[in-house]
Amino acid sequence: MEKPKVLIVEDSKTVVLLAEQILMRRGYRDIRSTAFGEEALAICESDPPQLILMDIMLAGEWDGITTAGKIIEKFHIPVIFMTAAVEDEFLERGAVISNYGYLIKPFSEFSLYAALRNAWIRFEMEQELIRQESRYQLLFSHRTGAFLYLRFYENKSDASFSFDAEIVEVNQHFLDIVGIDKGQLIHQSLLKIFPGLLRALPDWREIAIALLFDRKTIHKKIYLPNRREWLSGSFYSPDGVHVAGILEDITEKQNMENDLRQSEMKFRSLVRSAQDAIFMMDEECILSLWNPAAEYIFSISEENAIGQSVYRMISPPELVADYKKFFNEWLQESKGRTTNRTLELRAVTGKHDQIYIEISLSAVMLDGNWQAICIVRDISKRKMTEKLLQDKEERYRTLMDSIPSGVVIVDAESMLVVDCNQAALGLLRYTKEEILGTSCQDIFCTVGEASCSHLCNRIKEGEIAQRELEIKKQERGVHITLVKNVVSIRIQNHLFFIESFMDISEQKSSERKIQQAHDEIQSLLSSIDSIIIGISREEEVTHWNHIAENTFGLKAEDVIGKKFFSIGMNWAWPDVFEGMCESYSTLSATHIDTLSYQDRSGAEILLAVTINPIMDDKKNIRGCLLYAKDITKKRVMEMQLIQDQKLKSIGELSAGISHEINTPTQYIMENTRFLQEAFEKLAEVYRRYQRLESQFQQKQDLSESFQEISQIISGMDLPYLVEEIPVTFRQTMQGLEHVARIVKSMKSFARPDQEEKVPVIINSLVEDAVFLAKNEWKYDAEVQLELGAGLPAMEGFPAEISQVLINILVNAAHAIQEARNKDPERKGKINISTRLLTDSIEIRIVDNGTGIPEKIQNRIYDPFFTTKGVGKGTGQGLSIARFIVVEKHGGSLLFETKEGEGTVFIIRFFMDPK
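Residues numbered from 1 in each chain as written. Predicted model: local features only at pLDDT ≥ 70, side-chain atom pairs only at ≥ 80, totals over all residues. Heavy atoms only, no water.

1. Quick word on the nonpolar core
Line of reasoning, step 1. Core analysis: the largest hydrophobic core is formed by 42 residues, its most contacted members being Ile-762, Leu-805, Ile-830, Ile-832 and Ile-907.
Line of reasoning, step 2. Mapped onto this core, the elements with two or more residues apiece are helix H27 (762-772), strand S27 (781-787), helix H29 (798-822), strand S29 (828-836), strand S30 (840-847), helix H30 (877-888) and strand S32 (902-910).
Line of reasoning, step 3. Per-element tally for this core: the top contributor is H29, with 10 residues.
Line of reasoning, step 4. If we skip the residues at most four places from it in the chain, Ile-907 touches Val-804, Leu-805, Ile-808, Ile-841, Glu-842, Ile-843, Val-885, Ser-892 and Leu-893. (Core = buried A, V, L, I, M, F, W, Y, C linked by side-chain atoms within 4.5 Å. Buried < 20%, exposed > 50% of the residue type's maximum accessible area, 1.4 Å probe, protein only. Helix = DSSP H or I, 4+ residues; strand = E, 2+ residues; numbered from the N terminus. Contact = heavy atoms within 4.5 Å.)

Rendered as structure tokens:
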């Protein structure tokens, strides 16, 4: 790397000489120096350096800080201050200047070189950042599409979550689209600048949720109603906070699509509203269009007709060959020119009825293929009229009697029945002789004559009257509900009423049952002592029971019909929204184990929430039902039970732990006493040698002293001490380590309950539990550990998992003790193994105790149920263990047992508790 040009501004020649020598040795060649700030500024103007070493105290009027400020402001050259002592005043002034550090004098060669090198690297990095920012601004400002950069506001858990964001940056194209100055946009609220965004863009909530929580790219079309423009938007969030959006103006394209869609809708509307049947088919006579009139004429639905051969749909079996020949010849004749033909054919309906049709054919080229457009009229009535001329009465009677609804024809002047069909006789329980000539008022009317006359006048004026009436004829056993339509018809200048009616008794009965069921459901929901909230697919509140009113302080009439997410409840809305989305996507119940809610007094309430999707018989989602129960007291009691059980376990283990501590403590004390005595003997030898040294320096006779030292060493058995003292130290350390292990394990087990899960190493918890419970099993059983290697850490509550392991281990030890009481020769064994499964970590605790009798196996998790004697168990251990594993960790606790042979408890903690 090329060395930069350096200017040294220093009034001490010694310091300048030292700095120049160091820099020359380090490869710097272009070095200048001056003692004055004014001269340094002039050098920067004529031959600017790349780095400056600046003394704070200089000769002349300017000190180093003033000089550095002027140079940096004008030339942007990096400056390193040199000083022997820095006062607070200089530090405060220097902090205002963008300096590159301080070098304390006297300095070493390394500190000077390191300061210059670090400053130069930092300066080059800053310059590269400036160049990159320039390139970014150039690219950003010249982008063809509209670009904006947003940052969501941080408070995502606010109950009034508005999905608002801050506008960080936009390009010119975006400013051109919105017609707002850049200064009015940057660092402003998105919804404040565009207050109609949520109304104009209903999907903005979906976009914001996806970007905030899923962190993925979202593509949407956006309509600006105030400008009548369409934009195509792509939004991307790399971190759930910052969002980049690219918008393209697609107004012209969208308008063309809308025009095309409207043209198609007009065509579809024309086709669907046409009284004549219209269908379209290709050269293979496969149907591609089938309007409602065709459905009506041929009694074949559009769904069953599209994609089928026209021969199969409408051709009588005996005429299939004629149909094929005619259509093929016509299509070949029509290619290349417009040809219209009309002919009469005999056809068959979906009900296998024979009808006569008049069909008009024309050809059109669509997408490079010839299509035939067929307009069909049902001329069966005309044919029927022709035939009725031959057999009018028979045809008329057959038609009347084939109508499934009851039909009665009444003379408008006399109001007497002149004709009826078989369906009418069956519904009204009359014979034909009884009904003909009878007044229609005696049969149908349940209103007064004035009302009946008014109704007849309306019918005479050409109105179609529909009435729902109930007929009771006790002497004939008739009690039915009819819906009746009445129209008037004039035949040869004589007016008749045609009254058609249907029996809707079953429908009315069903409606009454449905209403009764609805009332029962409402009563049932009102009687449930939990919160029940009904929410429609459009997120509107449909049900709000009295428990919800009492809990949230909101009346049903104030929330029903309003948007669920805008009713102002102070709880974790994102969790509720996520639960609803999961329920809709899985079509199953979603559970939120604990949802915190703050009531109006500020008290925190814990709710257990279940969200169930509501579906119709076709599995279409109609909304959801939110069921919530106050579990605040339950959670408090559960935590208290866990703590009480933990304290009980500590009490039960304390005697064994005391014994485990006393044993190493005793031999630590003995070893300490031995070491103390050995030290006193060695100290006496040391004092004798000190006296011997003094005598030697005074040139005294040493023979007597040597003899005393020899006697002392002989009496203290020095070789024995040399051999035993290291052993004693090693044993003492082992004892201390044993005590420390007990304290560490006990501290881990007795730690306060944590509010949040932390990483847990299962194998360590197993080892600590075995160690703490050793006094419970060591006299009756042998514990074997088969711990899987490389188990990953999992999220959990370590103290509570330890409590589960100790409870089950102590139960296993007690079961073995009971078995050995019956068979003293039996050798107790407890095997604890861990392993990693596909989706979980499994712990197996196997004992060869008495096993669990079959008659109590379904009760072992019941609170306060125990098989132990009075005073030996509370019956809460396994109940709490199951709560900790299943409820708090989302795991499973199972067991396998055989009476007289032993029990296996299987604990699984899932890596993903959901």
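2. Focus: the environment of Val-376
Line of reasoning, step 1. Along the chain, Val-376 turns up in strand S15 (residues 369-378).
Line of reasoning, step 2. With 19 residues separating them in the primary sequence, Val-376 and Ile-357 have C-alpha atoms 6.3 Å apart.

3. Structural notes on the sheet that holds strand S22 (residues 541-544)
Line of reasoning, step 1. Taken in spatial order, the 5 strands of this open sheet run S22-S21-S25-S24-S23, and their pairing is antiparallel. Strands with a single pairing partner mark the edges of an open sheet, and in this sheet they are S22 and strand S23 (590-598). Adjacent strand axes in the sheet meet at a mean angle of 25° when their direction is disregarded.
Line of reasoning, step 2. By the bridge criterion, 3 bridges tie strand S21 (residues 531-536) to S22 in an arrangement that is antiparallel. The partner of Ile-533 across the bridge, within S22, is Trp-544. (Pairing = 2+ DSSP bridges. Axes fitted to C-alpha atoms, helices over the stretch in contact; angles between N-to-C directions.)

4. Brief notes about the side chain of Glu-499
Line of reasoning, step 1. Mapped onto the elements, Glu-499 comes out in strand S20 (residues 494-503).
Line of reasoning, step 2. Using a relative accessible area of 4% as the deciding quantity, one classes Glu-499 as buried.

5. Some remarks on unusual backbone geometry
Line of reasoning, step 1. Cis geometry is adopted by the peptide bond preceding Pro-106, which originates at Lys-105 and carries an omega value of 0°.
Line of reasoning, step 2. Here Pro-106 is to be found in the loop between strand S5 (102-104) and helix H5 (109-141).
Line of reasoning, step 3. With a phi angle near 65°, Cys-285 is a residue other than glycine that sits in the positive phi range.
Line of reasoning, step 4. Position of Cys-285 relative to the elements: it lies in the loop between strand S11 (277-281) and strand S12 (287-290).

6. Notes on the pattern of salt bridges
Line of reasoning, step 1. Tallied over the full model, the rule gives 20 salt bridges.
Line of reasoning, step 2. Its salt-bridge partner being Arg-32, residue Asp-47 comes within 3.9 Å of it at the nearest N-O pair. Taken together, the residues span a long stretch of sequence, with Asp-47 in the loop between helix H2 (37-46) and strand S3 (51-55) and Arg-32 in strand S2 (residues 31-34) at a distance of 15 residues.
Line of reasoning, step 3. Classification of Arg-32 as partly exposed rests on a relative accessible area of 36%.
Line of reasoning, step 4. With a closest N to O distance of 3.9 Å, Asp-419 and Lys-432 form a salt bridge. Here Lys-432 lies in helix H17 (residues 432-435) and Asp-419 lies in strand S17 (residues 417-420), a separation of 13 residues in the sequence.
Line of reasoning, step 5. Accessibility expressed as a relative area gives 9% for Asp-419, which makes it buried.
Line of reasoning, step 6. When salt bridges that share partners are traced, they join Arg-835, Glu-842, Arg-844 and Arg-908 into one network. (Salt bridge = Lys/Arg side-chain N within 4 Å of Asp/Glu carboxyl O.)

7. Remarks on the packing of aromatic side chains
Line of reasoning, step 1. According to the stated counting rule, one finds 13 aromatic pairs in the structure shown.
Line of reasoning, step 2. On the numbers, 5.5 Å between centres and 75° between planes, the contact of Phe-552 with Trp-571 is edge-to-face. With Phe-552 in helix H21 (residues 546-552) and Trp-571 in the loop between helix H22 (556-559) and helix H23 (573-586), this residue pair connects regions lying 19 residues apart in the sequence. Comparing Phe-552 with Trp-571, the two get one shared label, buried.
Line of reasoning, step 3. Here the aromatic cluster, defined as three or more aromatic residues joined through ring pairs, consists of Trp-544, Phe-552, Phe-564, Phe-565, Trp-571, Trp-573, Phe-577 and Tyr-597.
Line of reasoning, step 4. Its guanidinium or amino end placed over the ring of Tyr-584, Arg-537 lies 4.5 Å from that ring's centre, counting from NZ or CZ.
Line of reasoning, step 5. The ring of Phe-797 carries the charged tip of Lys-888 above its face, separated from the ring centre by 4.5 Å. (Phe/Tyr/Trp six-rings, centres within 6.5 Å; stacked < 30°, edge-to-face > 60°. Lys NZ or Arg CZ within 6 Å of the ring centre and 35° of its normal.)

8. Looking at the packing of H2 against helix H3 (residues 64-75)
Working note: a packed helix pair is described by the angle between its axes plus the distance between those axes.
Line of reasoning, step 1. Where H2 meets H3, the closest approach of the two axes is 9 Å, and the angle between their N-to-C directions is 15°. With respect to H3, the element H2 is oriented roughly parallel. As H2 runs across H3, the sense of the crossing is right-handed. Between H2 and H3, the residues in contact are Gly-37, Ala-40, Leu-41, Cys-44 and Glu-45 and Thr-67, Ile-71, Lys-74 and Phe-75, respectively. (Parallel < 35°, antiparallel > 145°, perpendicular 65-115°, else oblique. Left-handed = near helix turned anticlockwise from the far one by under 90°.)

9. Considerations on the pairing of S17
Line of reasoning, step 1. Relative to S17, strand S16 (residues 406-411) runs antiparallel, the two sharing 3 bridges. When the sheet's bridge partners are listed, Ile-409 is paired in S17 with Asp-419.
Line of reasoning, step 2. Turn length for the S16-S17 hairpin, with the two strands adjacent in sequence and antiparallel, is 5 residues, and the turn residue Met-415 shows positive phi of about 60°.

10. Describing the pairing of S3
On any regular strand, side chains alternate: one points to one face of the sheet, the next to the other face.
Line of reasoning, step 1. The buried fraction of S3 amounts to 5 of the 5 residues, a majority that puts the element mostly inside the structure.
Line of reasoning, step 2. Burial of S3 is two-sided: the residues Leu-51, Leu-53 and Asp-55 facing one way and the residues Ile-52 and Met-54 facing the other way are all buried.
Line of reasoning, step 3. One ladder, built from 4 bridges, connects strand S1 (residues 6-9) with S3; its direction is parallel. Residue pairing for S3: Val-6 is matched across the bridge by Leu-51.
Line of reasoning, step 4. Judged from the 4 bridges that link them, S3 and strand S4 (residues 79-83) form a sheet pairing that is parallel. The residue of S4 that forms the bridge with Ile-52 is Val-79.

11. With respect to H23
Line of reasoning, step 1. Helix length check: H23 (14 residues) gives 20 Å between terminal C-alpha atoms against 20 Å at 1.5 Å per residue, within 8%.
Line of reasoning, step 2. Regarding H23, the residues found buried are Trp-573, Pro-574, Val-576, Phe-577, Gly-579, Met-580, Ser-583 and Tyr-584.
Line of reasoning, step 3. Phi turns positive one or two residues past the end of H23, at Leu-587, with a value near 55°. (Expected span 1.5 Å × (residues − 1).)

12. Structural notes on H3
Line of reasoning, step 1. Helix length check: H3, at 12 residues, gives a terminal C-alpha distance of 16 Å against a target of 16 Å (1.5 Å per residue), a fit within 8%.
Line of reasoning, step 2. All buried positions along H3 are accounted for by Gly-64, Ile-65, Thr-67, Ala-68, Ile-71 and Ile-72. An end-on view of H3 places all buried positions within 160° of arc, on one side of the element. Facing away from the buried side of H3 by over 90 degrees, the exposed positions are Glu-73 and Lys-74.
Line of reasoning, step 3. Within two residues after H3, His-76 carries a phi angle of roughly 60°, on the positive side. (Arc of directions from axis to C-beta.)

13. Examining the sheet that holds strand S31 (residues 892-898)
Line of reasoning, step 1. One open sheet accounts for 5 strands, arranged S27-S29-S30-S32-S31; its pairing is mixed. A single partner strand is all that each edge strand has here, and the edge strands are S27 and S31. Taking the axes of each pair of neighbouring strands and ignoring which way they run, one obtains an average angle of 10° across the sheet.
Line of reasoning, step 2. Strand direction decides the pairing type here: S27 and S29, joined by 7 bridges, are parallel. Bridged to Ala-781 within S29 is Gly-828.
Line of reasoning, step 3. Each of S27, S29, S30 and S32 is contacted by H27, which is oriented at about 170° to S27, the strand it contacts most.
Line of reasoning, step 4. Packed onto the sheet, H29 meets S27, S29, S30, S31 and S32 and runs at close to 150° relative to S29.

14. Regarding the environment of Thr-834
Line of reasoning, step 1. Note that Thr-834 resides in strand S29.
Line of reasoning, step 2. Under the relative-accessibility criterion, Thr-834 is labelled buried at 5%.
Line of reasoning, step 3. On a C-alpha basis, the gap between Thr-834 and Glu-786 in space is 6.6 Å, while along the polypeptide they are 48 residues apart.
Line of reasoning, step 4. Residues contacting Thr-834, with those up to four places away along its chain left out, are Ile-762, Asn-763, Val-766, Glu-786, Leu-787, Gly-788, Leu-791, Glu-842 and Ile-843.
Line of reasoning, step 5. Within the local environment of Thr-834, its side chain forms a polar contact with the side chain of Asn-763, the two groups lying 2.9 Å apart.
Line of reasoning, step 6. Polar contacts involving the side chain of Thr-834 include one to the main-chain amide nitrogen of Gly-788, which spans 2.9 Å. (Polar contact = N/O pair within 3.5 Å; in protein donor to acceptor, adjacent residues only side chain to side chain.)

15. Quick look at the packing of H27 against H29
Line of reasoning, step 1. Here H27 crosses H29 at 50°, and the two axes come no closer than 9 Å. The angle between H27 and H29 places the two elements in the oblique class. Handedness of the H27/H29 crossing: right-handed. On H29, the residues that touch Ile-762, Leu-765, Val-766, Ala-769, Val-770 and Leu-772 of H27 are Pro-798, Ile-801, Ser-802, Leu-805, Ile-806 and Leu-809.
Line of reasoning, step 2. Taken together, the residues of the contact of H27 with H29 sort by class into 11 nonpolar, 1 polar and no charged. (Nonpolar A, V, L, I, M, F, W, Y, C, P; charged D, E, K, R; others polar.)

16. Observations concerning the confidence of the model for the chain
Line of reasoning, step 1. Confidence in the prediction of the chain, expressed as mean pLDDT, is 77, and 79% of residues score 70 or more.
Line of reasoning, step 2. Within the chain, helix H8 (residues 197-200) has the poorest average pLDDT of any element, 50, and S30 the best, 93.
Line of reasoning, step 3. Of the regions scoring below 50 in pLDDT, residues 447-451 engages in 3 contacts with residues more than four places distant in sequence or in other chains.
Line of reasoning, step 4. Across residues 869-876, where pLDDT falls below 50, the model places 13 contacts with residues more than four positions away in sequence or in other chains. (pLDDT = per-residue confidence, 0-100.)

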